[in-house]
Amino acid sequence: MVGGVPHQQVTQDPRSLRPTATQAVVISRPLIQVRRVTPTGGAGKQYPMAPGKSAIGTEKREFRVIPDHAGRGRELVDVSKGKDKEKAGGRTKRGAAGEGGPSKQEISDLVWGRVTIPIRGKKKKPTKKGAKTQITQMAEEKKVIKIQEGISVSDLGQRMGVRTNELIKKLMGLGKMATANQIIDAETTELIATDYGWRVEKAGFEVEDFLPEVEARPEDERTRPPVVTVMGHVDHGKTSLLDAIRAANVAAGEAGGITQHIGAYSVKTSRGDITFLDTPGHEAFTSMRARGANVTDIVVLVVAADDGVMPQTIESIKQAKAAEVPIVVAINKMDVPGANPDRVKKDLANYELTPEEWGGETIMVPVSAKQKMGIDLLLENIALQAEVLELTSNPSRPAVGAIIEAKLEKGRGPVATVLVQEGTLKVGDAVVTGTHFGRVRAMNNSRGESVKEVLPGYSAELIGLSGVPTAGDTLNAVADEKAAKEIATHRAMKGREAELGKANTRETLEQLFAKTKAGGGPKELRLVIKADVQGSAEAVKEAVQKLSTHKVRVEVIHSGVGAMTEGDVMRAAASKGLVVGFNVKPESGTEAAAKAQEVTLETYSIIYELIDGVRKSMEDLLEPIRTERKLGRAEVRNTFNVPKLGTIAGAAVLDGVMKRGAFVRLLRDSKQLFSGKMASLRRFKDDVKEVAQGFECGIGIENYTDLKPGDIIEAYEIEETRPSLS
């Protein structure tokens, strides 16, 4: 049947069969690979040859194409299968392998050219009935957590496989409130980890791994010049004495005639070179003096013969003894009338500084910086003390030094004054100090001359650091800039973690209640401090923080080196503070920005003037104390209605004085009816400022007209006084 129309079958020779329009012939190919034979000869175009007759075989099959509902023939039905069955004599079952026609799927694959590749599946192992999944335990030696300084709560939970909420509950049990991102220290981490069977190991970043190792050998040691720090009370002549030694005039250039920086100078004497450090004597520069005492070999304590021992003198003695440094006393101003060196020696003996002539061990030399008297004797005693100390160092090792001072110069960038203590610092060395690193680009000695290397015991100005270092930090020369950067980055990261740890501290309920009871706690004066050098910025910061009281607290939100910038103004505006500059001026555009942001800029060149200015700003934050001061009383005798002015009281001044603009209180039958301000005061037709006792006047009161004869008008004024900070 073709297309649903029956037709009569006609038996024909299979070899003469030809497919009709609705018939198709499919040649079944063997499953084995057939090699195609292609002739090698012939210069013409070569065409691939079909398989041979033996490979194809003589079997032919007839298929009927059955169209689908769209009229397209897609399904093939083998109509020759029935004929084969008839010829086989009624056999209905498929015989040996290879007999019978292909299946419907095989025919479809042949038509569309698909090849089926059998895939052998993986055989699953049979599981025992009722068997459970086994949970493996981590080996004890693997349960180790390596941390540096601390670790966040969430990170600790991830490493141990414990939920963060559970760890927070554990911390609460230990009396510590923490969030998931808060850093906890190594001790707390160890306590928690132990409960879960974990060990904690500190795998910190060791700076020593990046610093070159040096083998100490006595034959490499060389004699170095002594480092001498000049200390003493303010205005006792320390810088003038150093000027006399250097034959230079430095003190005249200091603001107010007082030293506000550490100066490092190398001086050539007949006994050899000496490096001097000049420290400030003002009480605000305590840290500077302490820093000078820690890097020095000998301290020269300058005491004025007319003033004697003063507070900063005592402090300098304590700092020198804490640093275990020998002291040589220079009794200055011997040329001044009233000089009494014996009184100075007696006062110093109370602080365990007994002069040699009294049987003690302290060298005391009377000098006069102005007259240049006793200078040679002082230098001789310093050199003698240096010989006793036997000061040596190894100049061939990598350099180690101390930052004496640091500043930011326009055009040069960060500039640091370095005192080399070990090794030789050379131009091109990679160095690291604190959180800053770099390569030494240039160096200048104390006379301003460019130098290529600095030996132990000498100082120089260094250029090439990435930022302004902190005065007092140690400077190390390392192998390369990469190592320097790694050390600086690690130190900066530790600093940030410490700051975050401070920021995460929360107030207890008791502190909150106390603050509420006190009315919100003390007021805050927020400052942005800018100074010319790092040491001065540090000193100013410490000095203003000491001014804090229980009423007003000083908070330094930022301190830095360099001119006052627009960034400083924006920082102060955000925190509602003010910008204080010490020995610096605002950059162009900074004043305009301060005016727009309503931020106060204050500049000072002398430390005690700055402290007084900050103290005044603190007092301005406090509410003034208001007190009432009585002026006088007047009795209303009559009342008048005046156009545009309202009711005017004709009154007689009983006592005191009545002043225009004063506050008034209206009394009737000894009861207060109104309290306000005096609007007008006249005598006859003239406006007057005040009317004395025994005179009559006309009084008008603001926003009040119910005046009657017999009323008493009391005049008073409010006085405001500035409260004390204590």
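Our structure is the block above this text.
Residues numbered from 1 in each chain as written. Predicted model: local features only at pLDDT ≥ 70, side-chain atom pairs only at ≥ 80, totals over all residues. Heavy atoms only, no water.

### Considerations on the packing of aromatic side chains
- What the rule picks out here adds up to two aromatic pairs.
- Relative to Tyr716, the ring of Phe663 has its centre 5.9 Å away and its plane inclined at 20°; by these criteria the two rings are stacked. One end of the pair, Phe663, is in strand β31 (residues 663–668); the other, Tyr716, is in strand β36 (residues 712–721), and 53 residues separate them in sequence.
- Taking 4.7 Å as the distance between ring centres and 20° as the angle between the ring planes, the aromatic pair formed by Phe674 and Tyr704 counts as stacked. Pair noted here: Phe674 is in strand β32 (residues 671–683) and Tyr704 is in the loop between β35 (696–701) and β36, with a separation of 30 residues, a long-range link. (Phe/Tyr/Trp six-rings, centres within 6.5 Å; stacked < 30°, edge-to-face > 60°. Helix = DSSP H or I, 4+ residues; strand = E, 2+ residues; numbered from the N terminus.)

### Quick word on empty space enclosed by the protein
- The tally for this structure, following the rule as stated, stands at one cavity of 30 Å³ or more.
- Of the pockets and cavities examined, the largest cavity occupies roughly 30 Å³.
- In terms of lining residues, the largest cavity is bounded by Val230, Lys238, Leu241, Leu242, Ile245, Phe276, Val300, Leu378 and Ile382.
- Listing elements by their share of the lining of the largest cavity, those giving two or more residues are α7 (238–246) and α11 (375–389).
- It is α7 that provides the largest number of residues to the lining of the largest cavity, a total of four residues.
- Split by residue class, the lining of the largest cavity holds eight nonpolar, no polar and one charged. (1 Å grid on protein atoms, 1.4 Å probe; cavity = no way out; pocket = protein on both sides within 12 Å on 5 of 7 lines; lining within 4 Å. Points joined across faces, edges and corners; volume = space filled by probe spheres on them. Nonpolar A, V, L, I, M, F, W, Y, C, P; charged D, E, K, R; others polar.)

### Some remarks on the pairing of strand β13 (residues 327–332)
- Counted residue by residue, β13 has six buried out of six residues, so it is predominantly covered.
- Of the two faces of β13, the one lined by Ile327, Val329 and Ile331 and the one lined by Val328, Ala330 and Asn332 are each fully buried.
- Examined bridge by bridge, strand β12 (residues 298–304) and β13 share six bridges and lie parallel to one another. Of the residues in β13, the one forming a bridge with Leu301 is Val329.
- For the crossover from β12 across helix α9 (residues 311–322) to β13, the handedness is right-handed.
- Where β13 and strand β14 (residues 363–366) come together, four bridges link them in parallel fashion. (Buried < 20%, exposed > 50% of the residue type's maximum accessible area, 1.4 Å probe, protein only. Pairing = 2+ DSSP bridges. Right-handed = clockwise from strand over helix to strand, strands pointing away.)

### Some details on the side chain of Ser266
- Take Ser266: it is sitting in strand β10 (residues 263–269).
- In this structure Ser266 comes out as buried when scored by relative accessible area, which is 17%.
- A distance of 3.4 Å separates the side chain of Ser266 from the side chain of Thr275, its partner in a polar contact.
- Beyond its immediate chain neighbours, meaning those up to four positions away, Ser266 contacts Ile274, Thr275, Ser446, Arg447, Tyr458 and Ser459. (Polar contact = N/O pair within 3.5 Å; in protein donor to acceptor, adjacent residues only side chain to side chain. Contact = heavy atoms within 4.5 Å.)

Limitation: the analysis is restricted to geometry and does not speak to function.
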